[in-house]
Amino acid sequence: MDGSHRELIGLGHDLQLISELEVASALREPGVFFTAGELRRFSSAVVPLQSLAGGFAAKEALFKALPAADETWFWTDAELVHDRHGAPQFHTRGALAGHLARRRLRVSVSISHSGGFVSSVVIVTGEAAAATGFFGTIDRAVRHVLRRITAHPAGTPQ
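Residues numbered from 1 in each chain as written. Predicted model: local features only at pLDDT ≥ 70, side-chain atom pairs only at ≥ 80, totals over all residues. Heavy atoms only, no water.

## A look at the overall build of the chain
Secondary structure summary: the chain contains 4 helices and 5 strands in total. Put simply, the chain runs from its N terminus to its C terminus through helices and strands in the order β-α-α-β-β-α-β-β-α. Relative to its 158 residues, the chain shows a buried fraction of 33%. Across the chain, contacts joining residues at least 24 apart in sequence account for 58% of those joining residues at least 6 apart. Total accessible area computed for the chain in this model is approximately 9,500 Å², and 58% of it derives from carbon and sulfur atoms. (Helix = DSSP H or I, 4+ residues; strand = E, 2+ residues; numbered from the N terminus. Buried < 20%, exposed > 50% of the residue type's maximum accessible area, 1.4 Å probe, protein only. Contact = heavy atoms within 4.5 Å. Areas by Shrake-Rupley, 256 points an atom, 1.4 Å probe, with all protein chains shown as cover.)

## Considerations on the packing of aromatic side chains
The tally for this structure, following the rule as stated, stands at 5 aromatic pairs. Taken together through their ring pairs, the aromatic side chains of Phe33, Phe34, Phe42, Phe56, Phe63 and Trp75 make up a single cluster. (Phe/Tyr/Trp six-rings, centres within 6.5 Å; stacked < 30°, edge-to-face > 60°.)

## Examining the pattern of salt bridges
Close approach of charged atoms allows side chains of opposite charge to pair. Per the counting criterion, the structure on display carries 6 salt bridges. A salt bridge links lysine 59 to glutamate 38, with the nearest nitrogen and oxygen atoms 3.0 Å apart. Separated by 21 residues along the polypeptide, lysine 59 in helix H2 (residues 48–65) and glutamate 38 in helix H1 (residues 36–43) bring together distant segments of the chain. The residues lysine 59 and glutamate 38 share a single accessibility class, namely buried. One continuous salt-bridge network, built from bridges that share partners, spans Arg41, Glu79 and Arg93. (Salt bridge = Lys/Arg side-chain N within 4 Å of Asp/Glu carboxyl O.)

## Considerations on the pairing of strand S3 (residues 88–92)
In this structure, strand S2 (residues 78–82) lies alongside S3, joined through 5 bridges in antiparallel fashion. Residue pairing across strands places histidine 82 opposite proline 88, the latter belonging to S3. Between S2 and S3, which follow one another and run antiparallel, lie 5 residues, and glycine 86 among them has a positive phi close to 90°. (Pairing = 2+ DSSP bridges.)

## Side note on the sheet that holds strand S1 (residues 6–17)
With antiparallel pairing, the 3 strands of this open sheet are ordered in space as S1-S5-S4. Of all strands in the sheet, those bounded by a partner on one side alone are S1 and strand S4 (106–114). Taking each pair of neighbouring strands and ignoring which way they run, the sheet shows an average axis angle of 15°. Two strands pair when backbone bridges link them, and S4 and strand S5 (residues 117–127) are joined in this way by 9 bridges, in the antiparallel orientation. From the neighbouring strand, serine 110 faces S5, where its bridge partner is valine 121. Contacts from H2 reach S1, S4 and S5 within the one sheet, and its direction differs from that of S1 by about 140°. (Axes fitted to C-alpha atoms, helices over the stretch in contact; angles between N-to-C directions.)

What is shown is where atoms sit, not what they do.
Below, the structure is given as structure tokens:
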């Protein structure tokens, strides 16, 4: 996906109506859903509720995109930050960081605001050789069919 022989492992999306979060006071408690650092950044934003909703949608999308695991991780194991260009990314810790490192997974996140909504998409990629599950199965099936087609003496499938 990024030119380094990576395959899609998971895709998550979340759409959030910003006004729904006005009364969600539990989201503003440090250590429950967001880290203290995330909450500080949201509260100092031009539109704090919109930033909070963006963070909420990003984390929802992340946990939808992650492959199944036996480990337990927490919402605060993924901290939404922005690089020097303003692009969002996750800093992970704890069990989640260990899971991503062991499986050599990378996480990419995008957040968009429009009208009264926030949307976030998260893509999880892994090394091509490590890809498993649905996409690995499809890839193997396609390769099997292609081998049969090229191996047929007449050159066309029967």
